[in-house]
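Examining the three-dimensional arrangement
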Amino acid sequence: MKPTTNKFALAAYFALTNCILAVQADPQLDLPPINPDTQVPESFYNAPTPRTPTNPLQVLGDFDRSQRYGPPYAGDGLNDDGADDFRNGQTYDERMRYGYPYPTRWQNFSRPVADSPFSDYNNNNLDQQQQQRDNQRYANHNYDNPNDRLNSNNRFADGFDDRQREREQNRFNNNPNNDYNARFNGAAVPNGDPNIPYDPNNRFANERNRFENPYRTNQDRFNLNNERYFERQRFQEDRRYQIELEKLRNLLVETDQRGSLECTANVAAQWNFETNVNEITQAEALNTQQHYVDFLRLVAEQSKTINKDLILDRRLYRQLMLQSEAGPNALPIETLDRYNRLINEMLYIYNEATICAYQQPFVCNLRYIPELKEIMSKSRDWDELQHTWVEYHRKAGREMRDGYEQLVDVMAEVAYVNNVTNGGEFWYLPYESANFRQDVENVWEQIRPLYELLHSYVRRKLRDYYGPNRINRIAPIPSHILGNMYAQSWTNILDIVIPYPGRKLVDVTPRMIEQGYTPVLMFRLAEEFFTSINMSAVGPDFYRNSLLEQPVDGRRVFCEPSAWDFCNRHDFRVKVCSEISQKGLLSAHHEMAHIQYFLQYRHLPKVFRNGANPAFHQAIGDAIMLSISTSKHFQTIGLLQRSVDESSYDINYLITMALDKVAFLPYALALDNWRYDVFSGNTNKHMMNCHFWNLRERYGGIKPPVLRSEKDFDLGAKYHVPANIPYIKYYVSTILQFQIYRGMCRVSGQYVPGDPRKPLHRCDIYRHPEAGNLLKRIMAKGASQPWQTVLEETLGEGRLDGTALREYFAPLEEWLRLESLRTNEYVGWNYDGDYCRRSIETANLQVTGGYYNVATGPVIMQMPIMLFVCWFMGFLWHRT
């Protein structure tokens, strides 16, 4: 129908408009004074300083919870988007890396004095310092400007003889063909040819990879400068060099002591706040946090003044590099305030997002936790799920899009001040690999066959449940029907997809209640598990100081499970409001694994008291849970009369695990690959939303329930995006946990590849000291070595490897393969239409269920009919 009058045209315009849905130490460091009454913790030779500042958390509560694990807060106004798993905690060092989102009033830090050991600075010449930083904007942060080695202020310059000095001067002269000079002067000279034009997108042309270790490729970003190696060997024997090196070591010991005291005071204040939430403890926690951040910022700035070029001790070099990392806190004060303000504003939008109930316009103020999460997990009404999904993403995401686009610009500045090319590369620094993104892609290709079989099976079950008119047998699955707002875990639809409904999963909760379990008993059982594998007991102070259940005095407590390191090598605690259930028992073992990690690396300097990479703490805790959750273990501790060895039970158990762990991987990969592309400029900010859905379809075969547009910002509905918390560590920890679990099961003899009597998924390492000894070797290294080296020396595997996960799920994979053959189900998915368009007019014109959700062609014919109905309604409205 084509109107010919202006009146009809106007009516059509109004109709279509109405149809659119809106959807001191030493004088060399100017450190704060130590309280003489404060006891100095035990120090170790070669000890370093604390690390620098890390990541943004919510305004009221999410300020540093040192060595804190478990989900972010889910208190009033502080809704967590993933309390159903353990993928939301931040280690202390991560928080210090990624910055803090609270208003700050930074003090003016004094600059280091000129006689600081290994100093590259001359009489506090700030202009010269700034010029050096500008010249090295894209330089490898592991290497100082070589011209400084010949500076008259360099206390090692006297070690050069005249001939050596001449060679050095010639090497670093102003010859434009000199490749090294060209890099520092901002010109790319590939292959030494000055005629090749400068390419701003290839600033690292002809340079060695910034992570590359001269002794072992792509392993240690905190490597030693191998240039002029033999000349530096002479310095080692020079007495003056040894004296200065000893001064540096003493300086690091003193800074480590001071950092431990500051950290202890800070963690104590955060503990007091989280275990007694009120305005007084909140103010104290914020003030202490501010003081601690100021201290770390000062230490990081002064550590950068030390010339690391002649440090041959690898351990010493790594300590200095770790404590020199400042993250966002290296930003100028004004920019840092802007960074924190943007995150606070986005978190406010996220926390305040509410919607109205489906078909109940007067029942509003529904928040993600608890109402919307409950609806998404338990409702089986297609339209209710779609309404909830669309409305929540509209309320939580759209308003913060402008703020996030500004944050992208600020992240470029964060990368600038940390000498990396973009914000994505900055986030990947802790993984110490030049090809980290390719590494995780390779692992995904290893796991993809298993995921595609799982995807195909789940799609068939959902099609049987909702009908073929809503789910296409070869298309991606709509995200709103998978039991989770983000489709990151599918365990809530187990009732629909369980292979053998008559074979119930093991639930020991009734037996626990019957046997009189208490929170203390659950943690003592967890402690006994670790002592049975030759690991440490936690001692009576742990139980005296920890909070294991909701206090009876009525004070408000943040109850999310978390493990705490008080930075003094002896005070470790857990905070959790335990429930007597199987889930509570597993959680107790998970948190006790973090405490064991603290105990095993407590002998290290503070900067090394952390996981080998951001994923290790989580991976080890989850690896222990894989052992605890077997029916064999429940039988051993008296919660089951006999273990269940039937294949039907195994398949039900494994698919439950796969719906959580395997289904999660493509979501985590898509989320942080999207952020990497946005931060690096590979994706235009005007196409951010559509790019995410392209990645979601590519990796996971998941699509939105309705058409999306660039007016939407669906990523904003995920807490980690407005909070600017990296998500890739959860992907890495999911892979690593199976590698660590396989290693422990092998050495304990509980898993023999190819032996059907000892499959990996039935392995229980309880009372096998060999497994504990392996775990101790991993934990005791802390962050003192690259994580690849830790894996190589303990497991014999120097990289991420998806084969361990495949071996764990091997029985399920074979069952899924046979099931797909039996039902002739299509494995994989085909792109079946647009999921997102830049044009708002077309993207917001929605048909119930989304036209691409439909399995048969005739439904496409509904669109002209719907357009006509919308026009006719608009016409009637105009006439009235």
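One structure accompanies this document, and this report is about it. (Residues numbered from 1 in each chain as written. Predicted model: local features only at pLDDT ≥ 70, side-chain atom pairs only at ≥ 80, totals over all residues. Heavy atoms only, no water.)

Describing the overall build of the chain
- Tallying secondary structure elements over the chain gives 31 helices and six strands in all.
- Across the 880 residues of the chain, 61% fall into the buried class.
- Split by element, the accessible area of the chain, about 34,000 Å² in all, is 50% carbon and sulfur. (Helix = DSSP H or I, 4+ residues; strand = E, 2+ residues; numbered from the N terminus. Buried < 20%, exposed > 50% of the residue type's maximum accessible area, 1.4 Å probe, protein only. Areas by Shrake-Rupley, 256 points an atom, 1.4 Å probe, with all protein chains shown as cover.)

Observations concerning the nonpolar core
- Counting residues in each nonpolar core, the largest one holds 182 residues, and the members touching the most others are Tyr-392, Val-458, Trp-490, Tyr-731 and Phe-809.
- The element that contributes the greatest number of residues to this core is helix α23 (residues 647-680), accounting for 21 residues.
- With residues up to four places along the chain from it excluded, the contact list for Val-458 reads Ile-477, Leu-482, Trp-490, Ile-493, Val-497 and Leu-659.
- Counting 13 residues, the second largest nonpolar core, distinct from the first, contains Tyr-241, Leu-248, Ile-306 and Tyr-317. (Core = buried A, V, L, I, M, F, W, Y, C linked by side-chain atoms within 4.5 Å. Contact = heavy atoms within 4.5 Å.)

A few points about the side chain of Ser-303
- Along the chain, Ser-303 turns up in helix α8 (residues 279-303).
- Excluding residues within four positions of it along the chain, Ser-303 makes contact with Lys-308, Gln-323 and Ser-324.

Here we look at the pattern of salt bridges
- As enumerated under the stated definition, the model contains 41 salt bridges in all.
- For the salt bridge of Arg-341 with Glu-345, the shortest nitrogen-to-oxygen distance reads 3.3 Å. Separated by four residues within a single helix, Arg-341 and Glu-345 lie in helix α10 (residues 333-352), roughly one turn from each other.
- Residue class for Glu-345 comes out partly exposed when judged on its relative accessible area of 39%.
- In this structure, Arg-708 engages Asp-714 in a salt bridge whose closest nitrogen and oxygen atoms are separated by 2.8 Å. Taken individually, Arg-708 and Asp-714 each receive the classification buried, so the pair is uniform in this respect.
- Within the structure, one salt-bridge network assembled from shared partners comprises Arg-398, Arg-708, Asp-712 and Asp-714. (Salt bridge = Lys/Arg side-chain N within 4 Å of Asp/Glu carboxyl O.)

Some details on the state of the cysteines
- Applying the stated criterion to the full structure yields five disulfides.
- One disulfide bridge connects Cys-559 with Cys-577, the sulfur atoms lying 1.9 Å from each other. Here Cys-559 and Cys-577 share a disulfide; its torsion about the S-S bond, -60°, makes the bridge left-handed. With Cys-559 in the loop between α19 (540-545) and β2 (562-565) and Cys-577 in the loop between β3 (572-575) and α20 (582-600), this residue pair connects regions lying 18 residues apart in the sequence. (Disulfide = S-S within 2.5 Å.)

Examining the packing of helix α15 (residues 436-466) against α23
- In the contact formed by α15 and α23, the axes pass within 10 Å of each other and the chain directions differ by 135°. On the basis of the axis angle, α15 is oblique to α23. The handedness of the crossing between α15 and α23 comes out as left-handed. Along its contact with α15, which presents Arg-437, Val-440, Glu-441, Trp-444, Ile-447, Leu-450, Tyr-451, Leu-454, Tyr-457 and Val-458, the element α23 presents Ile-655, Ala-658, Leu-659, Val-662, Ala-663, Leu-665, Pro-666, Leu-669, Asn-673, Tyr-676 and Asp-677.
- For the contact of α15 with α23, a count of residues per class yields 17 nonpolar, one polar and three charged. (Axes fitted to C-alpha atoms, helices over the stretch in contact; angles between N-to-C directions. Parallel < 35°, antiparallel > 145°, perpendicular 65-115°, else oblique. Left-handed = near helix turned anticlockwise from the far one by under 90°. Nonpolar A, V, L, I, M, F, W, Y, C, P; charged D, E, K, R; others polar.)

As for the packing of α15 against helix α25 (residues 728-747)
- Remark: α15 packs on α25, axes separated minimally by 12 Å, with the N-to-C direction vectors making an angle of 50°. It follows that α15 is oblique to α25 by the angle criterion. Seen from above, α15 lies across α25 with left-handed handedness. In contact with Phe-436, Val-440, Val-443, Trp-444 and Ile-447 of α15, α25 contributes Ile-728, Tyr-731, Val-732 and Ile-735.
- Per-class residue counts for the contact of α15 with α25 are nine nonpolar, no polar and no charged.

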